[in-house]
Amino acid sequence: MKEAQPDLSAAADLQIELLQVQRRIQTRVPLPSIRLEAKYLNDLLKSAPILHFEHLPVDWSDLRFLLRATATAMRNHDALDEADYRRAEELARQSERLPGVVREWYEAVRPGATPIGPELSGLESVLQQAMRPFLTRAGDAVMARSDLAGWTHGICPLCGGEPDLAVITAAADRLLICGRCAARWRFESLTCPFCLNADRSRITSFASRDGQYRLYACDVCERYVKAYDARRASRPVMPVVDGVATLPLDAAAIQKGYK
Ligand SMILES: [Zn+2]
Ligand SMILES: [Zn+2]
């Protein structure tokens, strides 16, 4: 990608560094502490999201390492300003305060929850990257033993997070991919997952020049979601790679006034 699109090279370098950091921890993350039985999980999924903060297999000293390494990588690639970098460093040092802060961030996405306080705002993407090994481990374990087919909402059935990418399957279904735990679930192709607007005349959809990606923007809430079109692809969706490859689509959407 860096050769084909030199403009994306800095963003690609940052993602490569983050993956390397996460991989150091990923291999030793244990299973989540939720009962991993199909029937139990499928019953819970009727009133999801089902992964509570207490279920997450977080090792706090590993998380402190991940926070520092994530903030450093983002700072080095100009993805975090100096003040936020210092706040992230400070947070990584405060081992007593950390669990409460991470819980606040994790639970803030739930409907009716308290939004995150000023001490965390600006650090959401650092926390999301740092928590990724624990969240994806929990997400993978639950997905392997349950059936998400009955879930029809726009938020993640496992962690309650929002989708940050989608994939269009060979059968032309659209699967949303959670930006936090990477769970995937089927969602109506022309409905906005954020405000549930289903009026097709108020969904603007366009493809990248090579046809590999699509973008669905909502003219009601003005948010958008990008999708990897696996119908014309030689490889499966790779959220990290596809997230970088679609940066030009983000720019196009922002230029049209979406956010
Ligand atoms: Zn999730
Ligand atoms: Zn919308």
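Look above for the structure.
Residues numbered from 1 in each chain as written. Chains lettered and ligands numbered in written order. Predicted model: local features only at pLDDT ≥ 70, side-chain atom pairs only at ≥ 80, totals over all residues. Heavy atoms only, no water.

A. Region of interest: the overall build of the protein. Along the protein, the regular secondary structure elements total 9 helices and 6 strands. For a compact globule of 259 residues, the expected C-alpha radius of gyration is about 18 Å, and the protein comes in at 18 Å, within 12% of that figure. The principal-axis extent of the C-alpha atoms belonging to the protein is close to 50 × 50 × 35 Å. Within the protein, contacts between residues separated by at least 24 positions form 61% of all contacts whose residues are at least 6 apart in sequence. On the protein, roughly 12,900 Å² of surface is accessible, and the fraction owed to carbon and sulfur atoms is 50%. For the protein, the distance from the average site of its 34 positive side-chain charges to the average site of its 33 negative ones is 4 Å. (Helix = DSSP H or I, 4+ residues; strand = E, 2+ residues; numbered from the N terminus. Rg over C-alpha atoms; globule rule 2.2 N^0.38 Å. Contact = heavy atoms within 4.5 Å. Areas by Shrake-Rupley, 256 points an atom, 1.4 Å probe, with all protein chains shown as cover. Lys, Arg positive; Asp, Glu negative; His and termini not counted. Charge placed at Lys NZ, Arg CZ, Asp CG, Glu CD.)

B. View of the coordination of the zinc ion (ligand 1). On the protein side, the zinc ion (ligand 1) has Cys-156 (SG), Cys-159 (SG), Cys-178 (SG) and Cys-181 (SG) as donor atoms, found 2.3 Å from it. With 4 donor atoms in place around the zinc ion (ligand 1) and angles of 97 to 120° between them, the coordination shape is tetrahedral. Taken in sequence order, the residues that donate to the zinc ion (ligand 1) follow the motif C-x2-C-x18-C-x2-C. With Cys-159 in the loop between helix 7 (132-144) and strand 1 (163-168) and Cys-181 in the loop between strand 2 (174-178) and strand 3 (184-186), the pair connects residues that are 22 residues apart, well separated along the chain. The buried category is assigned to Cys-159, whose relative accessible area is 0%. (Donors = N, O, S within 2.8 Å, 3.2 Å for Na, K, Ca; no water. Tetrahedral: all angles 85-135°; square planar, octahedral: opposite > 155°, others 65-115°. Buried < 20%, exposed > 50% of the residue type's maximum accessible area, 1.4 Å probe, protein only.)

C. The arrangement of the sheet that holds strand 2 in detail. The sheet built from 6 strands is open, its strands ordered 3-2-1-6-5-4 with mixed pairing. The sheet is open, and its two edges are formed by strand 3 and strand 4 (203-207), each paired on a single side. Taken over all neighbouring pairs, the strand axes of this sheet differ in orientation by 25° on average, direction set aside. Pairing of strand 2 with strand 3 involves 3 bridges; the strand directions are antiparallel. (Pairing = 2+ DSSP bridges. Axes fitted to C-alpha atoms, helices over the stretch in contact; angles between N-to-C directions.)

D. Examining helix 4 (residues 82-93) more closely. If you check helix 4, its first and last C-alpha atoms are 17 Å apart, about what 12 residues at 1.5 Å a residue would give, namely 16 Å. Considered for burial, the residues of helix 4 that qualify are Asp-84, Tyr-85, Ala-88, Leu-91 and Ala-92. When helix 4 is viewed along its axis, its buried side chains cluster within an angular range of 125° and face the same direction. Exposed side of helix 4, more than 90 degrees from the buried face: Arg-86 and Arg-93 are the residues found there. On its buried side, helix 4 packs onto helix 3 (60-76), helix 5 (98-107) and helix 6 (124-130). (Expected span 1.5 Å × (residues − 1). Arc of directions from axis to C-beta.)

E. Inspection of the coordination of the zinc ion (ligand 2) at higher detail. With distances of 2.3 to 2.4 Å, the protein atoms coordinating the zinc ion (ligand 2) are Cys-192 (SG), Cys-195 (SG), Cys-218 (SG) and Cys-221 (SG). Classification of the site at the zinc ion (ligand 2) rests on its 4 donor atoms, whose angles at the metal span 102 to 115°, yielding the label tetrahedral. Every donor residue of the zinc ion (ligand 2) comes from the same chain, spaced as C-x2-C-x22-C-x2-C. The exposure class assigned to Cys-218 is buried, which follows from its relative accessible area of 1%.

F. Local environment of unusual backbone geometry. The peptide bond linking Ala-48 to Pro-49 adopts the cis configuration, its omega dihedral lying at 0°. Unusually for a residue other than glycine, Leu-196 sits at a positive phi of about 65°. Counting through the fold element by element, Leu-196 comes out in the loop between strand 3 and strand 4. We classify Leu-196 as exposed; its relative accessible area is 51%. Of note in the backbone geometry, Glu-222 takes a positive phi value of approximately 65° without being a glycine. The exposure class of Glu-222 is partly exposed, given its relative accessible area of 36%.

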